[in-house]
Amino acid sequence: MSAYKRLLFIVNPHAGVKKKDSALSDIILTFSDHYYETIVCFTREPGDAETLIREHAGEEFDRIVCMGGDGTLSEVIGGCRKYAMNIPMGYIPAGSTNDFAQSLQLPMEPAEAAERIMKGKPHKLDVGMWEERQFVYTASCGLFTRASYDTPQKVKNVLGHAAYVLEGMRELTQVRSYHMQITAGERTFEDNYLFVTICNTISLGGVMDLSRAEVNFSDGLFELLLIPMPRDLIQLTQIVNALREQRFDTPLVTFIKTERVVIKCPEKPDWSLDGEKAEGKETVEIRVVPGGISMFY
Ligand SMILES: [Mg+2]
């Protein structure tokens, strides 16, 4: 029997800024130093990561690791859950927008991230379900969200984080809101909303930056943030200030923790799940799967 354990390594070669050429060999060498035989698979287009997991689902692996942006991670986690690959997973961030990697405080240096996966202990991580689709760190709707799936990968790579912000600003000239009825636990909110997000992250594309004490990645609860359409200039200023100062305890902005949300909106706005588009529906149910995945962070 081989002394080596087996590791499935899914790499999105198009994600983000190109890391130095030796990054891949450094990573695989790190795995090898820890007695892992690495099976490397490259994705070519969206959806490939999930397909690759499906194809390897029947095989024995001791670790699964993905390298790419938050979108790749989301797909790999979704695939692992869908095809019951219950093995600890690691993430080597390489995308332009690594909100979630930053939230988890993962090393941005690839070899360092690989070392952490080899030496660390896996932790439970909550996963979200938007209807039957999985998401890892955010399901968002309204202003600020179109940007993440409309911005072509090339532009994302060049502009990086700024792409989100710029797109957001461009949209301010064509701001629209949606009338929604939102039920979270015992509470129901009804208003015209500019932006709605249910998330399990500290940082969210320049919209939200929470303190570490406010977010627990495995408490079975996600944060729900609702930003209503201001009715006048005074309200607009209050909302802008709340966002700028990251104070969400104002009467205008709703910020609560929840395990399940039902959102009714006849206009069926599209959603963004970790940056990928989800076609809108009149009623959307979002819930948390506690400890849905085991991950090194
Ligand atoms: Mg939580």
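Scroll up to find the structure this text is about.
First, a word on what this report is: a plain description of the structure on this page. (Residues numbered from 1 in each chain as written. Predicted model: local features only at pLDDT ≥ 70, side-chain atom pairs only at ≥ 80, totals over all residues. Heavy atoms only, no water.)

1. Overview of the overall build of the protein chain
The helix and strand inventory of the protein chain stands at nine helices and 17 strands. Taking as baseline every contact in the protein chain between residues at least 6 positions apart, the subset at least 24 positions apart corresponds to 74%. Just so you have it, the protein chain exposes about 14,100 Å², and 51% of that area is on carbon and sulfur atoms. (Helix = DSSP H or I, 4+ residues; strand = E, 2+ residues; numbered from the N terminus. Contact = heavy atoms within 4.5 Å. Areas by Shrake-Rupley, 256 points an atom, 1.4 Å probe, with all protein chains shown as cover.)

2. Some points on the environment of serine 272
Inspection of the secondary structure puts serine 272 in strand 15 (residues 271-273). Separated by 75 residues in sequence, serine 272 and threonine 197 have C-alpha atoms that sit 9.2 Å apart. Of the polar contacts made by the side chain of serine 272, one reaches the backbone nitrogen of glycine 275; its length is 3.3 Å. (Polar contact = N/O pair within 3.5 Å; in protein donor to acceptor, adjacent residues only side chain to side chain.)

3. Considering the coordination of the magnesium ion
Coordination of the magnesium ion by the protein involves Asn216 (O), Asp219 (OD) and Leu221 (O), with metal-donor separations of 2.1 to 2.3 Å. Ordering the donors of the magnesium ion by residue number gives the pattern N-x2-D-x1-L. (Donors = N, O, S within 2.8 Å, 3.2 Å for Na, K, Ca; no water.)

4. Some remarks on the pairing of strand 12 (residues 222-228)
Taking burial as the measure, the seven residues of strand 12 include seven buried ones, the bulk of the element. Residues Phe222, Leu224, Leu226 and Pro228 of strand 12 are buried on one face, and the alternating residues Glu223, Leu225 and Ile227, pointing to the opposite face, are buried as well. By the bridge criterion, five bridges tie strand 12 to strand 13 (residues 254-258) in an arrangement that is antiparallel. Its bridge partner lying in strand 13, leucine 225 is registered against phenylalanine 255. (Buried < 20%, exposed > 50% of the residue type's maximum accessible area, 1.4 Å probe, protein only. Pairing = 2+ DSSP bridges.)

5. Observations concerning the environment of phenylalanine 255
Inspection of the secondary structure puts phenylalanine 255 in strand 13. Spatially, the C-alpha atoms of phenylalanine 255 and leucine 226 are 6.5 Å apart, while their sequence positions differ by 29 residues. When neighbours within four sequence positions are excluded, phenylalanine 255 is seen to be in contact with Met208, Leu210, Glu214, Glu223, Leu224, Leu225 and Phe248.

6. Considering the side chain of serine 140
Relative to the helices and strands, serine 140 resides in strand 7 (residues 138-142). For serine 140, a relative accessible area of 4% puts it in the buried group. In this structure the side chain of serine 140 is engaged in a polar contact, spanning 3.0 Å, whose partner is the side chain of threonine 197.

7. What about a nonpolar patch on the surface?
Together, Leu233, Leu236 and Val240 give the surface a local cluster of nonpolar side chains, amounting to about 270 Å² of exposed area. Examined against the element boundaries, valine 240 turns out to sit in helix 9 (residues 233-244). (Patch = residues over 30% accessible without salt bridge, like charges linked within 9 Å, V, L, I, M, F, W, Y side chains within 5 Å. Salt bridge = Lys/Arg side-chain N within 4 Å of Asp/Glu carboxyl O.)

8. As for the packing of helix 1 (residues 23-33) against helix 5 (residues 110-119)
Taken N-terminus to C-terminus, the directions of helix 1 and helix 5 make an angle of 20°; their axes are 9 Å apart at the nearest point. Classed by the angle they form, the pair helix 1 and helix 5 counts as roughly parallel. As helix 1 packs across helix 5, the resulting crossing turns out to be right-handed. Between helix 1, through Ala23, Asp26, Ile27, Thr30 and Phe31, and helix 5, the contact on the second element is made entirely by Pro110, Ala111, Ala114, Glu115 and Met118. Residue composition of the contact of helix 1 with helix 5, grouped by class: seven nonpolar, one polar and two charged. (Axes fitted to C-alpha atoms, helices over the stretch in contact; angles between N-to-C directions. Parallel < 35°, antiparallel > 145°, perpendicular 65-115°, else oblique. Left-handed = near helix turned anticlockwise from the far one by under 90°. Nonpolar A, V, L, I, M, F, W, Y, C, P; charged D, E, K, R; others polar.)

9. With respect to the pattern of salt bridges
Per the counting criterion, the structure on display carries nine salt bridges. Its salt-bridge partner being aspartate 191, residue arginine 231 comes within 3.0 Å of it at the nearest N-O pair. Highlighted residues: arginine 231 in the loop between strand 12 and helix 9 and aspartate 191 in strand 9 (residues 187-199), separated in sequence by 40 residues. Taking the relative accessible area as the measure of exposure, aspartate 191 reaches 15% and is therefore buried. Among the salt bridges present, the one from glutamate 285 reaches arginine 260, with a minimum N-O distance of 2.6 Å. Taken as a pair, glutamate 285 in strand 17 (residues 283-296) and arginine 260 in strand 14 (residues 260-264) lie far apart in primary sequence, 25 residues in all. It is possible to trace a salt-bridge network through shared partners that takes in Arg6, Glu37 and Glu59.

Bear in mind that shape data such as this cannot, by itself, settle questions of function.
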